[in-house]
Amino acid sequence: MAESALELALPEENGGFGWNSSARAPGLAAVLIEIGRADAATAYLSALQFTTILASVTENAAPVTPFISRLYSADRPVNPALILPGPSSLAEQTPLFFGRSINVRLVRDDNGGVLVGKNIRPAGCGAIADHFCVICADSAGKPLVAFVPADAQSVQRGNILKETGLNACTNADVTFNHARLPREAILEGSDAVERIYLWLNLLLGAVSIGAAMNFFEIVYGWANTRTIKGGSIMKENPLCASVLADVAEEIAIARFLTDDLARLIAMMAGPHGTDLRTVYTMSQIVGYRVQQGTLRAVNRGLELMGSAGYAREWHAEKHWRDIKTIQSYLCGVGAEVPVKIDTARFFFDCKEI
Amino acid sequence: MKSIDDFSRPEEYISPLDKHFRSAVRAWVDKEVMPHRRQYDEDWKEHTLIEPAFDTLMSNKGLGIQKALFPADLGGWGLGQSDYAFTIACTLAEEVGRADTAMAVAFMVTYWPLTTILVEPHVNRRLAAEFAPMFCNSDKAVFAALAMTEPQGGADIENMELLGGKTIRTTARLEGNEWIINGHKLWPTNTAGVGQLFGVPCTTRLGSTDPNDFALIFVPANVKGVTQGGPYEKAGMAADKNGDLWFEDVRVPAWYRAHGPGKDAQVFKEIIPWGLVGSMGFLVGAMMNLYEVLYEFASTRTYGNRPLKENDAIAGLIGRIAGDIEVCRILAYEGARIGDRRNRPYGHPLYSEEVLAKLRNLKDFVCDRAVENFGRAMDVLGVYGPDREYDIEKHWRDIKIIQLWMGGKQLCQMEAARYFYNCKTL
């Protein structure tokens, strides 16, 4: 499933379906909703693949395009891991991407550069990645994106981590010990980082909506067949019905928001598209809201399923753990605060935050 | 530097024994549980790591805490006769819950059915003497379970006010001087091979709402006809085993019934306050550990190249979490004090609509705060939030079931509405 999804976003000349355009955002989101309904971890992998491809081979063609196309043109699925800005430690002053620490440095040279970073935490998939898509900074502190094959000698993975959900996306820390990069593996400009975030917010939102939709199916079956108060069908009880309404409402709103964000991104491909900073900010707002909403849907539905929702055999708790894991990855650090700061900076012209 | 002990409690309610209990249990937690708890999830089926830890808490090989409720002359500590039984229970729940709420649940549920025969004013001296050796003279942890939930009714059995036990399908029939029990229970804590003694709510007349037809009967696990299924695999709570429990023509002596017609229904209702106060204790303990982890992370990790805790917006968020822990801890001990004032001047009976409504309100509130705060704390940790090594995610998975059990959130809301709004049909 992940393999066929990957082919969607590859350029036609590289054997793909040619959906490597912002205009395809609604279609890609729809695909991930369907995959996420079955398994959020598989959809998460596809979302990372789409994100790395779309950030580098869309209509804003960059020198990195041939490199990325070759990377993904193998005969087997190619799994990326994404390293986003996040927390740093007190001992270090790091370059920042809107307040978030960039923990990997690129030391440039004539051929490209070398990548340096120790015990860096990917947003999932660190243990299984074929390559790392790394948001890093050069010596001037300028953010950029680098693509590093995982089998390079100077790339070392740590122990496998035990994480809450997304079991198929096994994670591990990674150390870049002067990993050499050709110039074509470097995507220049902070715009590229904003593009990665806007695609992530859209596509991971779609993944969580897919998971929440399957959870809806599970709760529907439960509320339709279980009784309370000695015989009433659960869904016919007004209090239970109001909880069920919350589940449906959160999923419906999340879907509306995601559809709108997809259209906004799609319009970027046209002549009168919205500017990148606006779309980036909107994607942060929507991304945060969608993750919160889908998780709330599951949390509320679990209230009605009681212990059954907590048991693995019902599959409900899996969606709960998977969505929560996506939400925490996407936060990066500081819960919703970085998104709030991005939003305030955009709408209120804040100068110092 | 502040610590978990800086969170407030109503000091005038605290047991004189609190300091000693707390320090003994905390020392056990730090030595026996904290170094191993991250491996407990993989130990959910075998309890290879978990069982030895329980032995050192519960049996005579360690603290011997499983005998706490039994009268002193039967080898126990006599806490069943204490004016501070609820408050001490809250303390124990908090200290063990700080490390692992599943362990806290498993060991405290052992007390749950026993409260009906060991706590004043409902002591059944004959049954106390019968079961005291099992718990007081053992070098192994001995668990009891309260087998309530049934396949057809979910939490209906705990909704005694409305349903009066009419949905119970587990039957007890008196034949000579023996009860014959048949039925199927789901999900009791300390089943799946763990429990050695079960408190079993039964009906002596199917479909009856007459309190006289409700029977609470004690059934040792080794009696013929008792079958325990394997443990369920769950989102968390690995140290607490749950499974199916079948009773097929199980025979126990007639005097294994807790108290008899009418009074069994009364003591069964009285277990609810214990469960609600214990639930709050588990959650407050877990949140105190959340504070410890969050303090360290927010002090050493940065946003904008400054410690997280020094960013005004993040400080606002983690400050609210600390505030919630403070409020929840006070509420938990207020709930315990309601229990400890049972049948005292200016107090309430152990069970009444008022007590039930108020304790369910408190439990519902504390559950909501805990579920939300663990979720937010995971997000503060961001990409490290889902990592088991940071301990928050384990608590996040574990504590969700506390919100769901004992009839869940919606039963809490119904009980509150019935009492505060005089609802007649809910």
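Residues numbered from 1 in each chain as written. Chains lettered and ligands numbered in written order. Predicted model: local features only at pLDDT ≥ 70, side-chain atom pairs only at ≥ 80, totals over all residues.

## Some details on the domain arrangement of chain B
Residue and element names in this part refer to chain B.
Now for step 1: Partitioning chain B into structural domains gives domain 1 (4-142), domain 2 (146-261) and domain 3 (264-421).
Now for step 2: Centre-to-centre, using C-alpha coordinates, domain 1 lies 20 Å away from domain 3.
Now for step 3: On the domain 3 side, the residues contacting the 30 residues of domain 1 number 34 residues.
Now for step 4: When residues in the side of domain 1 that touches domain 3 are grouped by element, the largest group, eleven residues, is from helix 3 (residues 85-99).
Now for step 5: Residues belonging to the side of domain 1 that touches domain 3 are distributed by class as follows: 17 nonpolar, seven polar and six charged. (Domains from an automatic or database assignment. Contact = placed C-beta atoms within 7 Å. Helix = DSSP H or I, 4+ residues; strand = E, 2+ residues; numbered from the N terminus. Nonpolar A, V, L, I, M, F, W, Y, C, P; charged D, E, K, R; others polar.)

## Observations concerning helix 6 (residues 125-136) of chain B
Two residues of an α-helix separated by three or four positions point the same way, owing to the 3.6 residues in each turn.
All names here are of chain B.
Now for step 1: Over its twelve residues, helix 6 extends 15 Å from the first C-alpha to the last, a length consistent with the 16 Å expected when each residue adds 1.5 Å.
Now for step 2: Every buried residue belonging to helix 6 is among Leu-127, Phe-131, Phe-135 and Cys-136, and all of these are buried. Viewed end-on, helix 6 has its buried residues packed into an arc of 130°, placing them on one side of the element. Turned more than 90 degrees off the buried face of helix 6, the exposed positions are Arg-125, Arg-126 and Pro-133.
Now for step 3: Buried-residue contacts for helix 6 involve helix 5 (111-118), strand 4 (195-203) and strand 5 (214-220). (Expected span 1.5 Å × (residues − 1). Buried ≥ 20, exposed ≤ 12 C-beta atoms within 10 Å, placed from the backbone. Arc of directions from axis to C-beta.)

## Some words on the domain arrangement of chain A
All names here are of chain A.
Now for step 1: Here chain A is described as being made up of domain 1 (2-78), domain 2 (81-187) and domain 3 (190-348).
Now for step 2: A C-alpha centroid distance of 21 Å is found between domain 1 and domain 2.
Now for step 3: Listed per partner, the contact involves 17 residues of domain 1 and 16 residues of domain 2.
Now for step 4: Contributing elements (two or more residues each) for the side of domain 1 that touches domain 2: helix 3 (40-57) and helix 4 (65-71).
Now for step 5: For the side of domain 1 that touches domain 2, a count of residues per class yields 14 nonpolar, three polar and no charged.

## Considerations on the pairing of strand 5 (residues 105-109) of chain A
Now for step 1: Pairing geometry for strand 5 of chain A and strand 6 (residues 112-120) of chain A, over five bridges, is antiparallel. Considered in strand 6 of chain A, the bridge of Asp-109 of chain A is made with Gly-112 of chain A. (Pairing = 2+ DSSP bridges.)

## Notes on the interface of chain A and chain B
Now for step 1: With 48 residues of chain A at the contact, the number on the chain B side is 46 residues.
Now for step 2: Put simply, the parts of the chain that give the side of chain A that touches chain B at least two residues each are strand 2 (88-89), helix 6 (238-267), helix 7 (276-305), helix 8 (307-310), helix 9 (316-331) and helix 10 (337-348) of chain A.
Now for step 3: The element that contributes the greatest number of residues to the side of chain A that touches chain B is helix 9 of chain A, accounting for eight residues.
Now for step 4: Inspection of the sheet shows strand 2 of chain A paired to strand 8 (residues 301-303) of chain B by two bridges, in the antiparallel sense. What sits directly across from Ser-89 of chain A, in strand 8 of chain B, is Arg-301 of chain B.

## Regarding the sheet that holds strand 9 (residues 306-307) of chain B
Now for step 1: Spatial ordering of the open sheet is given by 2(A)-8(B)-9(B), a layout of three strands whose pairing is antiparallel. In the strand order of this sheet, the two ends are held by strand 2 of chain A together with strand 9 of chain B, each with one partner.

## Description of helix 10 (residues 353-381) of chain B
Now for step 1: Along its 29 residues, helix 10 of chain B runs 42 Å from first to last C-alpha, staying within 8% of the 42 Å computed at 1.5 Å per residue.
Now for step 2: Remark: Gly-382 of chain B follows helix 10 of chain B within two positions and exhibits a positive phi of approximately 60°.

## Overview of the packing of helix 10 of chain B against helix 11 (residues 392-404) of chain B
Between two packed helices, both the angle of their axes relative to each other and the distance between the axes serve to describe the pair.
Residue and element names in this part refer to chain B.
Now for step 1: In contact at an axis separation of 9 Å, helix 10 and helix 11 are set at 160° when each is read in the N-to-C sense. The orientation of helix 10 with respect to helix 11, classified from their angle, is roughly antiparallel. Once helix 10 is placed against helix 11, the crossing between them reads as left-handed. Contacts from Cys-367, Ala-370, Val-371, Phe-374, Gly-375, Ala-377, Met-378 and Leu-381 in helix 10 reach Ile-392, Glu-393, His-395, Trp-396, Ile-399, Lys-400, Ile-402 and Gln-403 in helix 11. (Axes fitted to C-alpha atoms, helices over the stretch in contact; angles between N-to-C directions. Parallel < 35°, antiparallel > 145°, perpendicular 65-115°, else oblique. Left-handed = near helix turned anticlockwise from the far one by under 90°.)

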